[in-house]
Amino acid sequence: MSLHDQDDPALRAAQEERLRAVWKPPSGWFFRWTDVNNNRVGIWYVLTAFGFMLFAGVLALVMRTQLAVPDNDLVSANTFNQLFTLHGSMMMFLFAVPMFEAVSIILLPQLLGARDLPFPRLSAFGYWSFLLGGVFVGGSIFFNAAPDGGWFMYPPLTTRTDLSGLGADIWMLGLSFIEVSSVAAAVELIVGVLKCRPPGMRLNLMPLYAWYILVVAVMILFAFPPLIAGDLLFEMERLLGWPFFDAAKGGDPLLWQHLFWIFGHPEVYIVFLPSIALFAMLIPTFAQRHLLGYPWIVLAAVGTAFLSFGLWVHHMFATGLPKISLAFFSAASEAVAIPTGVQIFAFIATLWAGKVKWSTPLLYASGSLAIFVIGGLTGVMVAIAPFDWQAHDTYFIVAHLHYVLIGGTLLPLFGGLYYYWPLITGKKLSDRLGRIAFWIMFTGVNLTFFPMHLSGLEGMPRRVFTYPADLNIGWLNLASTLGSYLFATGVLVLVADLALSPRRAKAPRNPWNAGTLEWLAHPDDEDWGIRSVPLVESRYPIWDQPGFVAKVDEGRFFLPDAEEGRRETIITSVLDARPVSVIRLGTPSVKPMMTAVALGAVFILTTYHLYWIAALCGVVTLACILWWLWDTAEIPEKPEKPIGHGMTMPLYIAGPAAPGWWAMFITMMADATAFSGLVFGYYFYWTIHPDFGAGFAGPGVGAPMIALALSLASWAATLAAREVHHRGGVAAARLLLVAGLVAAIAGLFAGLRCLDGLDPKANVYPAIVWVLVIWTVAHVAVAAIMQAYTLARSLAGRMTPSHDADLRNITVYCHFFALTALVAYLTVGLFPEAGL
């Protein structure tokens, strides 16, 4: 399409009408609930996470009311345990992480000049998983069945069914289901940032928000899977009696602490960095200049992420670890303050160098930084082991945690809400109500949590439902309770502001005069978002590129039309954002919802020990997934299409340039990380028990090596099938897929032979062998399903030598599956020597 064609008003009107027809979903309640448009799914996500936050806040108010005076009997000890467990779990798992994912689903496509993220149905699946899991976990308190072991659920109190009720299973299985949605969102966000940037937006031109989200999504891939591995061991002990944390049978409760805090401390930065990312967007706007220190901020974000994985043991200083471990993790815990400080000082320098326009969003940003710095300073204090020994499990830690989380997560989100509300709804929130809400919340936060430092130093322990009057800390607790109600009042003012916003007049376009791409949106914008995908030459193109907004609006850039009547956006290269192809996006569908419901049923029914019905739902889940996938990677009606300015792009790509390949690779990185947590458990037991495996025959060498050989044969057959198929040997490739399928099935049965004679209830050694082998066998089964699915696609004519994305993607899976088999079978077959 030439520039002359784009100058024709009649042509532009026709293009706009086609876009409207494509991106506007069919009417009716069913299609509204099955829509996968990023704006709608993101808004559902935001509203649901905000609702869970309000509910968790009410739980906190009940706790503070109970603690307002000594010897109070408002709630029982058991109810109080449920309240603080559910409050912490909901704030961390159902608000902080899902909220950043929700905001990113809305903002990222607009920040990147894309029509949508590459897998909108995956975003919808993540939302439904989050909603179902959240209602299941949060609703348990109304049936006196909420978890009561703390949001960390330390064994052995929580793994012994005689000491903890159904709530532990609800926590473990419900939140495991939610963790699936978090990993799914991370895959979507990583691929979106890497592959859906507009032409010209090289990595060094990305908005800082995109950088932060990329870093955080990668952190999720390495932080959440160890917890999933721990969840698996936890539930095997609770449901089947396998003694992973039972010291009497060789287990060790400290393994859970390692796996939990490998997740738990990066989790703090997973929820902090996206909020700082909001500062990186609004501070340049209100300083009316480019952000200073862009490369240093990127390096600091990456450094924060890297160091955060070396801090988990500082939650375990009181467990009797060696002094060298204490020294290392104490130093790492203090070092993380350096990249955090770099980011904060870069923001301050930008404000100092600019012409600041004070506004409600900037007020929230400034106040939240002040609160976060207080929390950061106390964090450096507890990073020192001798001080931590004194403050451990006291209210000093509660104060530190809440200063960090409220200053580093909650208030920044409220500031972002005031900044981006005109973008989402076309209406501005009230500056007057926003400032009133801020000052009430700012005062409430300090009145609530500063006294907790003092009560903690006076010796008040965490997680107690009452305390005696002779501790002389009643006045401190009363002040904290009054502060919590004051903070809640501020939140109510904010909620009232949100409720009143629909009555207000439309805000002008880009009311803050920002320079980044998301503000191309118009208050009366259509469903497709950006009018044409732009060519980006600056970090702030609205400020720096002459006539940029008009050119986008007039369709003068790329992909201004939808001539085939399909949802489309541009895929670009990872490093320099060169156009690679056009991707056709998912349309409204019930498949993500049905898949989430079926998978949720597996977790929920397992909670109530309804194993056979849960297994049936597992089969339904698999059927839904295959049904969902069958329509993907479709062969287009033509090989390529013009995208404007004389450029033509293919409609189908496969391999490392394709988003689907990246999604498989990233998913398998998360899978490999979870597996590494299980392997860590095996060698953890081996190192703490000199006689690990003694007295048990073990699987020996023969059965594991046969299973390994068959697994590697299946991998090799799939790899050969990919190469032969690409060269046109369709029939030979089908035969190789059949051979790989047969080898996988044989490897499955050979793997199960490794378990002959091993009783997983007798000792931790046979139990951990069972887990490693079952994990590997399950991956063999998935490989067999993938090979059969790809063979069916080929026989149905949906896969050809030039359209082979399915085969290339399952080969990526098989690489990781082969690595899993290699590590698992060598481990159980060769270590320890007593198992030979």
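The model shown is predicted, which means the values in this text are computed figures rather than measured ones.

Attention now moves to a nonpolar patch on the surface. On the surface, Trp686, Val701, Leu819, Leu822, Leu826, Leu830 and Phe831 cluster together into a nonpolar patch covering about 520 Å² of accessible area. Residue contributions to the nonpolar patch peak at four residues, all from helix α26 (residues 805-830). By the secondary structure assignment, leucine 819 is in helix α26. A residue is classified by how much of its surface remains accessible, and leucine 819, at 47% relative accessible area, is partly exposed.

With that out of the way, let us pick up the packing of aromatic side chains. With the rule as written, the count across this model stands at 60 aromatic pairs. Ring geometry for tryptophan 661 against tryptophan 662: centres 5.9 Å apart, planes inclined by 75°, an arrangement best described as edge-to-face. Both residues of the pair, tryptophan 661 and tryptophan 662, belong to the buried class. Ring centres of tyrosine 682 and tyrosine 683 lie 5.5 Å apart, and the angle between their planes is 70°; this geometry places the pair in the edge-to-face category.

The biggest cluster of nonpolar side chains holds 258 residues, and the ones touching the most others in it are Tyr209, Tyr212, Phe244, Phe414 and Leu494. No other element matches helix α9 (residues 253-287), which puts 23 residues into this core. Residues contacting phenylalanine 244, with those up to four places away along its chain left out, are Leu233, Met236, Glu237, Gly251, Asp252, Tyr685, Val764, Ala767, Ile768 and Val771. Core analysis: the next-biggest nonpolar cluster, separate from the first, contains nine residues, Leu19, Ala114, Ala562 and Ile571 among them.

What follows concerns the pairing of strand β4 (residues 647-650). Bridge count for strand β3 (residues 640-644) against β4 is four bridges, and the pairing is antiparallel. Bridge pairing links glutamate 640 to proline 650 in β4. Hairpin remark: β3 followed by β4, antiparallel, with two residues in the connecting loop; positive phi at histidine 645, about 60°.

Okay, the pattern of salt bridges next. This model, assessed by the stated rule, comprises 22 salt bridges. The shortest N-O distance in the salt bridge between aspartate 576 and arginine 578 comes to 3.1 Å. Overall, arginine 578 belongs to the partly exposed group, its relative accessible area being 48%. Here aspartate 804 ties to arginine 808 by a salt bridge, and the two come within 3.2 Å at their closest N and O atoms. Comparing aspartate 804 with arginine 808, the two get one shared label, buried. The network of salt bridges with common partners includes Glu563, Glu564, Glu568, Arg584, Glu637, Lys638 and Lys641.

Let's shift gears to unusual backbone geometry. Along the chain, proline 155 connects to proline 156 via a cis peptide bond; the corresponding omega equals 5°. The backbone phi angle of aspartate 71 is positive, close to 55°, even though this residue is not glycine. Looking at where aspartate 71 falls in the secondary structure, it is placed in the loop between α4 (38-66) and α5 (77-111).

Scoring rules and cut-offs
- What you see as residue numbers is a count from 1 along each chain, following the sequence as written.
- Since the coordinates come from a predicted model, pLDDT governs what is reported: local features require at least 70, and pairs of side-chain atoms require 80 or more to be given and counted, while whole-chain, interface and lining totals use all residues.
- Side-chain descriptors were evaluated using all non-hydrogen atoms of the structure, hydrogens and water having been removed beforehand.
- Note that patches include only residues with greater than 30% relative accessible area and no salt bridge, and the join distances are 9 Å for like charges and 5 Å for nonpolar side chains (Val, Leu, Ile, Met, Phe, Trp, Tyr).
- The accessible surface values rely on the Shrake-Rupley method and a 1.4 Å probe; as for residues, cover is taken only from the protein chains in view.
- By salt bridge we mean one thing: a side-chain nitrogen of Lys or Arg within 4 Å of a carboxyl oxygen of Asp or Glu.
- Helix and strand assignments follow DSSP, with helices taken as H or I runs no shorter than four residues and strands as E runs no shorter than two, numbered in order from the N terminus.
- We call a residue buried when its accessible area falls under 20% of the maximum for its residue type, exposed when it is over 50%, and partly exposed in between, using a 1.4 Å probe and counting protein chains only.
- Stacked, tilted and edge-to-face are the three classes applied to pairs of Phe, Tyr and Trp rings, where Trp contributes its six-membered ring and a pair requires centres within 6.5 Å; stacked means planes under 30 degrees apart, edge-to-face means over 60, and tilted covers the rest.
- In this text, buried Ala, Val, Leu, Ile, Met, Phe, Trp, Tyr and Cys residues form a nonpolar core when linked through side-chain atoms within 4.5 Å.
- Every residue pair with non-hydrogen atoms within 4.5 Å of one another is taken to be in contact.
- At least two DSSP bridges between two strands are needed for those strands to be called paired.

By themselves, these figures tell us nothing about what the structure is for.
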